[in-house]
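# An overview of the molecular structure
The chain contents come next:
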Amino acid sequence: RNGLDTDGSLWKCRNSLRGSAGGGFEKRAGEENGEDWRTISELARQLNELRGQELIDSILENVDVESTIEYQTVKCLISDEDGFSKNWLLYHGTIEDDSGGVIHRWAPHAWDLDLSFGQIDLGSDRVYTRKHPLVGTRDHPRHGSSWNGFLEAVFGRETGDYFVKALYGRIWRMLEEKLHPDVILAEIDRLDANTNAEARQDMRRWPRWGVEYNNADFHRDRLRDYVRARWEHLRRLLLRSEDTSRTTASGAVVETRGGTRRVFYGDGAMRQFRYTPAPRLKITEIHFDPEEDSRLEFIEIRNLEKTDVDLSGWSIPAVDHVFPAGSTAPPDALIIVARDPAAFEARYGDRPDLPVFGPFPGRLSNSGEDIRLRDSGLHDGRRYYPETIDVVKYRSTPPWPPLDSSHGRSLELRDLTADNDLGVNWRFSAGRGGSPGQ
């Protein structure tokens, strides 16, 4: 269902990878053999014993970092409170690396999400919105009791903030594009219209938490309250404008309708990495199958900022392209990354108003792949794991246009303001060769 390698293995990690190297793992999929057990035991050993740069190097070699960042981003946005020590799965199998090569890596996957969107605190009439983005690590333990050893190894103190900058950037992007109240509340209203009558009927049939908690309007209002409050809290926290005075080793006392309750926000030294929002750039066209000449492959990107953006050291790993020093995207303008800039100019003409970068040594896949634009990783004079500025995961199946019928046309975004994560917002260009710069 998720496109994973069926020869790979899937584990339920009941000890959160924090216990002894050989115990606490339950095989969910894959062949039962000693080699699989030795592989996960070695992962547990490295994550528990290595420190600093050695741990970072091990994670880069053995873990699908991008998948882990996206997993943690979603857990943070939806407040998946129940996934620290038991409700998560760990996959090991073939995963394409950034340049399209196939390697064996580890990646986390969600399992059992019934206690998300503040639901774990519903019994005490509190939709809990103040969770830290490092939820699941020791920087924000679940009520001071446990954490997820895999996430702790990637985002915890032993790696500093090396991977945290990219995580915060991904969360910030999703706050703007997905969890923004103007976006998600409209989607909730649409879904609510389709389920409201049935939900009310179910609540009358199976009362569970008393009269108030079987009131559909209570749940509907609380979900909307949660979305607004979570969005505001995370924005303040990422920019370090949030009041952190409640972050103490002993926890904070909060008020609920049932009285008072102690809630742990951290261990007294919760890291407050100051995130600076990255420039907004957006992939708007992908020419993956130029039938007339394969050298004409290109990617079109729009700078959404009103100022120049320095692209020095930025990259598009899918095609092995790194922007050279001095590269700049003009304000509110389109740029092209071409496989062969000379061939591109010969085909489309010299466009002084359209910066063309390249060449790139890689090839765009005709069957779909992840096109990821990443920054250099430099921040305040330090180097971090590169932040994903934008990513398009185009595919060959609906709702994406059928890629095998492109016939030399490019894949282009229907509307520059549309969400480019969604296949329905893309179409093939009207003519062969696409519409670069338009």
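Residues numbered from 1 in each chain as written. Predicted model: local features only at pLDDT ≥ 70, side-chain atom pairs only at ≥ 80, totals over all residues. Heavy atoms only, no water.

### What to know about the overall build of the protein
Counting its regular elements, the protein contains 9 helices and 20 strands. Counting across all 438 residues of the protein, residues that qualify as buried make up 51%. Restricting the contact set of the protein to residue pairs at least 6 apart, pairs at least 24 apart contribute 63%. Looking at the protein as shown, the accessible area adds up to about 20,000 Å², and 48% of this sits on carbon and sulfur atoms. (Helix = DSSP H or I, 4+ residues; strand = E, 2+ residues; numbered from the N terminus. Buried < 20%, exposed > 50% of the residue type's maximum accessible area, 1.4 Å probe, protein only. Contact = heavy atoms within 4.5 Å. Areas by Shrake-Rupley, 256 points an atom, 1.4 Å probe, with all protein chains shown as cover.)

### Points about the environment of Val135
Structurally, Val135 can be placed in the loop between strand E4 (102–110) and helix H4 (149–155). Taking the relative accessible area as the measure of exposure, Val135 reaches 3% and is therefore buried. Separated by 20 residues in sequence, Val135 and Phe155 place their C-alpha atoms 9.9 Å apart.

### Some details on the packing of aromatic side chains
Aromatic ring pairs are reported here in terms of the distance separating the ring centres and the angle at which the planes meet. Throughout the structure, instances matching the rule amount to 15 aromatic pairs. Pairing Tyr162 with Tyr385 gives two aromatic rings, centres 6.4 Å apart and planes at 70 degrees, and the pair type is edge-to-face. Taken together, the positions of Tyr162 in the loop between H4 and helix H5 (164–177) and Tyr385 in the loop between strand E17 (382–383) and strand E18 (388–395) put the pair 223 residues apart, joining distant regions of the chain. As far as the burial class goes, Tyr162 and Tyr385 line up, both buried. Between the aromatic rings of Phe298 and Tyr348, the centroid separation amounts to 6.0 Å while the plane-to-plane angle is 90 degrees, which identifies the pairing as edge-to-face. Residue Phe298 is found in strand E8 (residues 298–303), and its partner Tyr348 is found in helix H9 (residues 341–348); the two are separated by 50 residues along the sequence. Each residue in the set Tyr162, Phe163 and Tyr385 is aromatic and connected to the rest through ring pairs, giving one cluster. Here the basic side chain of Arg28 rests over the ring of Trp111, its NZ or CZ set 5.0 Å away from the ring centre. (Phe/Tyr/Trp six-rings, centres within 6.5 Å; stacked < 30°, edge-to-face > 60°. Lys NZ or Arg CZ within 6 Å of the ring centre and 35° of its normal.)

### Things to note about the packing of helix H3 (residues 65–78) against helix H8 (residues 216–238)
Direction vectors running N to C along H3 and H8 enclose 125 degrees, while the axes themselves pass 9 Å from each other. Here H8 runs oblique to H3, going by the angle between their axes. Here H3 contributes Cys76, Leu77 and Ile78 to the contact with H8, which in turn contributes Tyr226, Arg230 and Leu234. For the contact of H3 with H8, the residue count by class is 5 nonpolar, no polar and 1 charged. (Axes fitted to C-alpha atoms, helices over the stretch in contact; angles between N-to-C directions. Parallel < 35°, antiparallel > 145°, perpendicular 65-115°, else oblique. Nonpolar A, V, L, I, M, F, W, Y, C, P; charged D, E, K, R; others polar.)

### Observations regarding the pairing of strand E1 (residues 9–13)
Burial of E1 is extensive: 4 of the 5 residues sit out of reach of the surface. When E1 meets strand E2 (residues 25–29), the two strands line up antiparallel, connected through 4 bridges. Looking at E2, one finds that Leu10 is bridged to Ala29. (Pairing = 2+ DSSP bridges.)

### Quick look at unusual backbone geometry
At the junction of Gly358 and Pro359, the peptide bond is cis and its omega measures out at 0 degrees in the coordinates. Structurally, Pro359 is set in the loop between strand E14 (356–357) and strand E15 (368–374). Cis geometry marks the peptide bond from Pro398 to Pro399, where omega comes out at 10 degrees. Inspection of the secondary structure assignment puts Pro399 in the loop between E18 and strand E19 (411–413).

### Some points on the sheet that holds E8
In a beta sheet, neighbouring strands pair by backbone hydrogen bonds and run either parallel or antiparallel. Reading across the sheet, the 6 strands line up as E14-E13-E8-E7-E19-E20 and stay open at both edges, with mixed pairing between neighbours. Two strands in the sheet have a free side with no partner beyond their single neighbour: E14 and strand E20 (426–428). Where strand E7 (residues 281–287) lies against E19, 2 bridges are found, and the strand directions are antiparallel. When the bridges of E19 are listed, Ile286 appears paired with Leu411.

### Considering empty space enclosed by the protein
Taken as a whole and judged by the stated rule, the model has 2 cavities of 30 Å³ or more. Quantified by volume, the second largest cavity comes out at close to 40 Å³. In terms of lining residues, the second largest cavity is bounded by Arg170, Arg173, Glu177, Ile389, Asp390, Val391, Asn420 and Asp421. Put simply, the parts of the chain that give the lining of the second largest cavity at least two residues each are H5 and E18. The residue makeup of the lining of the second largest cavity, split by class, is 2 nonpolar, 1 polar and 5 charged. (1 Å grid on protein atoms, 1.4 Å probe; cavity = no way out; pocket = protein on both sides within 12 Å on 5 of 7 lines; lining within 4 Å. Points joined across faces, edges and corners; volume = space filled by probe spheres on them.)

### Quick notes on the side chain of Asp80
Within the secondary structure, Asp80 sits in the loop between H3 and strand E3 (88–96). Apart from residues no more than four positions distant in its own chain, Asp80 is found in contact with Lys75, Asp112, Leu113, Leu115 and Ser116.

### Focus: the side chain of Arg170
Considering the arrangement of structural elements, one finds Arg170 in helix H5. We classify Arg170 as buried; its relative accessible area is 10%. Apart from the residues within four sequence positions on either side, Arg170 is in contact with Ile69, Glu70, Thr73 and Val391.

### Thoughts on H8
Along an α-helix, residues three or four positions apart point the same way, because every turn accommodates 3.6 residues. End to end, H8 covers 33 Å across 23 residues, agreeing with the expected 33 Å (1.5 Å per residue, within 8%). Taken together, the buried positions of H8 are occupied by Ala216, Phe218, His219, Arg224, Tyr226, Val227, Arg230, Trp231, His233, Leu234, Leu237 and Leu238. Of the residues flanking the end of H8, it is Arg240, one or two places downstream, whose phi is positive at about 60 degrees. (Expected span 1.5 Å × (residues − 1).)

### Description of the nonpolar core
Ile286 and Tyr394 are the most contacted members of the largest nonpolar core, which totals 83 residues. Ranked by residue count, the leading element in this core is H5, at 8 residues. Apart from the residues lying within four places of it in its own chain, the contact partners of Ile286 are Phe298, Leu364, Ile371, Val392, Tyr394, Ser410, Leu411 and Trp426. With 7 residues, the next largest nonpolar core counts Leu334, Ile336, Phe344 and Leu354 among its residues. (Core = buried A, V, L, I, M, F, W, Y, C linked by side-chain atoms within 4.5 Å.)

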